Amino acid sequence: MARYAYVNGRFVPHTDAVVHVEDRGYQFADGVYEVVTIIGGKLVDEQGHLDRLARSLNELRIAWPVTPRVLKLLMRNLIQRNRLVQGTIYLQITRGVAPRDFKFPKHSESSLVLTTKRAAAFATAAQLENGVKVITIPDIRWLRRDIKSVSLLPQVLGKQQAVEAGAFEAWQVDGDGNVTEGCSSNAWIVTADGTLVTRYANNLILNGVTRLSILRLAEEAGIPFVERPFSVEEVYAAREAFLSSASTFVMPVTRIDDRSVGNGKPGLLSEKLRRSYLNYAQERGAS
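Residues numbered from 1 in each chain as written. Predicted model: local features only at pLDDT ≥ 70, side-chain atom pairs only at ≥ 80, totals over all residues. Heavy atoms only, no water.

Novice: How would you sum up the overall build of the protein chain? Please name residues and give values.
Specialist: When you go through the protein chain residue by residue, the secondary structure sums to eight helices and 16 strands. Against the 2.2 N^0.38 benchmark of 19 Å for 287 residues, the protein chain shows a C-alpha radius of gyration of 19 Å, consistent with a compact globule. Viewed in the frame of its principal axes, the protein chain has a C-alpha envelope of about 55 × 40 × 35 Å. Taken across its 287 residues, the protein chain has 49% of its residues classed as buried. (Helix = DSSP H or I, 4+ residues; strand = E, 2+ residues; numbered from the N terminus. Rg over C-alpha atoms; globule rule 2.2 N^0.38 Å. Buried < 20%, exposed > 50% of the residue type's maximum accessible area, 1.4 Å probe, protein only.)

Novice: A description of unusual backbone geometry should follow, citing residues and the corresponding values.
Specialist: In most cases, non-glycine residues show a negative phi, while peptide bonds are predominantly trans. In this model, Phe249 sits at a positive phi of 60°, which is unusual for a non-glycine residue. In this structure, Phe249 sits in strand E15 (residues 249-256). Exposure remark for Phe249: the relative accessible area of 1% places this residue in the buried category. Positive phi is not limited to glycine here, since Asp257 has a value of about 50°.

Novice: Residue-level account of the pattern of salt bridges, with values.
Specialist: What the rule picks out here adds up to 16 salt bridges. Its salt-bridge partner being Asp101, residue Lys103 comes within 2.5 Å of it at the nearest N-O pair. With a relative accessible area of 54%, Lys103 lands in the exposed category. According to the relative accessible area criterion, Asp101 is partly exposed, its value standing at 33%. (Salt bridge = Lys/Arg side-chain N within 4 Å of Asp/Glu carboxyl O.)

Novice: Now, about the packing of helix H2 (residues 46-60) against helix H3 (residues 68-81): what can you tell me, with residues and values included?
Specialist: The geometry of H2 relative to H3 is characterised by a closest axis approach of 12 Å and an angle of 125° between their N-to-C directions. Here H3 runs oblique to H2, going by the angle between their axes. Note on packing geometry: the crossing formed by H2 with H3 is right-handed. Contacts from Glu46, Gln47, Leu50 and Leu53 of H2 reach H3 at Leu71, Lys72 and Arg76. (Axes fitted to C-alpha atoms, helices over the stretch in contact; angles between N-to-C directions. Parallel < 35°, antiparallel > 145°, perpendicular 65-115°, else oblique. Left-handed = near helix turned anticlockwise from the far one by under 90°. Contact = heavy atoms within 4.5 Å.)

Novice: Any details on the layout of surface pockets? Residues and values, ideally.
Specialist: Volume-wise, the second largest pocket comes out at about 230 Å³. The wall of the second largest pocket is formed by 17 residues, among which Gly48, Arg52, Asn207, Val209 and Leu212 lie closest to the centre. Mapped by element, the contributors of at least two residues to the lining of the second largest pocket are H2 and helix H6 (209-220). Counted by class, the lining of the second largest pocket contains five nonpolar, five polar and seven charged residues. (1 Å grid on protein atoms, 1.4 Å probe; cavity = no way out; pocket = protein on both sides within 12 Å on 5 of 7 lines; lining within 4 Å. Points joined across faces, edges and corners; volume = space filled by probe spheres on them. Nonpolar A, V, L, I, M, F, W, Y, C, P; charged D, E, K, R; others polar.)

Novice: Account for the nonpolar core, with residues named and values stated.
Specialist: Counting 22 residues, the largest nonpolar core has Leu53, Leu71, Met75, Ile89 and Leu114 as its most contacted members. Elements that contribute at least two residues to this core include exactly strand E3 (31-39), H2, H3, strand E5 (87-94) and strand E6 (111-118). Of the residues forming this core, the biggest block, five residues, is contributed by H3. With residues up to four places along the chain from it excluded, the contact list for Ile89 reads Glu34, Val35, Val36, Ile38, Leu43, Met75, Leu78, Ile79, Thr115 and Thr116. (Core = buried A, V, L, I, M, F, W, Y, C linked by side-chain atoms within 4.5 Å.)

Novice: Explain H2 residue by residue, including any values.
Specialist: Helix length check: H2, at 15 residues, gives a terminal C-alpha distance of 21 Å against a target of 21 Å (1.5 Å per residue), a fit within 8%. Within H2 the residues assigned to the buried category are Glu46, His49, Leu50, Arg52, Leu53, Ser56, Leu57 and Leu60. Projected down its long axis, H2 carries its buried residues within an arc of 160°, all on one side. Elements in contact with the buried residues of H2: E3, strand E4 (42-43), H3, E5 and H6. Of the residues trailing H2, Arg61 is marked for its positive phi of about 60°. (Expected span 1.5 Å × (residues − 1). Arc of directions from axis to C-beta.)

See the structure below:
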């Protein structure tokens, strides 16, 4: 079955999808992106992703290539063309094509690319049964991590370091010894007294759309939580830990830096929040 992409006004075979060599996303990482989960052919937390996309575009002063309404239609069209039932859709917007120059071009049209990816499952049985391992690494990124920019080289290096350590993810650590977030996920712990903790959202982390949904679900369930920095030492002493993202939902973390978290098994609260999020995604969060 043919696979299609959308590139600047045209649906094309995925193998023929190209952008101009002077697209500023290619030369300067002058662009933003979003990844939206698809379950049952529907987009999960779509409005949250579009709201964050709007914020990222505004912060970088990049114009919408199409209206949000048209973007929604294009996303659905591509999902239908690719007969996608479960997976993700990736959308990227850059400042467009212009002769190479650091300053903003006087005239350019924003570029829009959409692609999809199938997913037979969002986690393996072993990951859910045993949890995953993370390592800690220094956070070497810029200070506007709240913008979902395509400039991801530090995360690329961190992910590779995790792979080479046999880990699923790397949690980045600031100069004070506190965890900021994963290379492609938000970080969470459950303290000894059962309090859910995740870092508050400011310019030092990306405010995950899944993160926000988990916080709402925790509040609805009466689960005590606090948004604050937490140290690597607190992770070592935590009852539970997990990470969250659009493609992993709630993924239990049972090992960090070769130390077991809690009893070394996925915790009850992590499992409860994963079930709650999946129920939400299937019943309330998809459109």
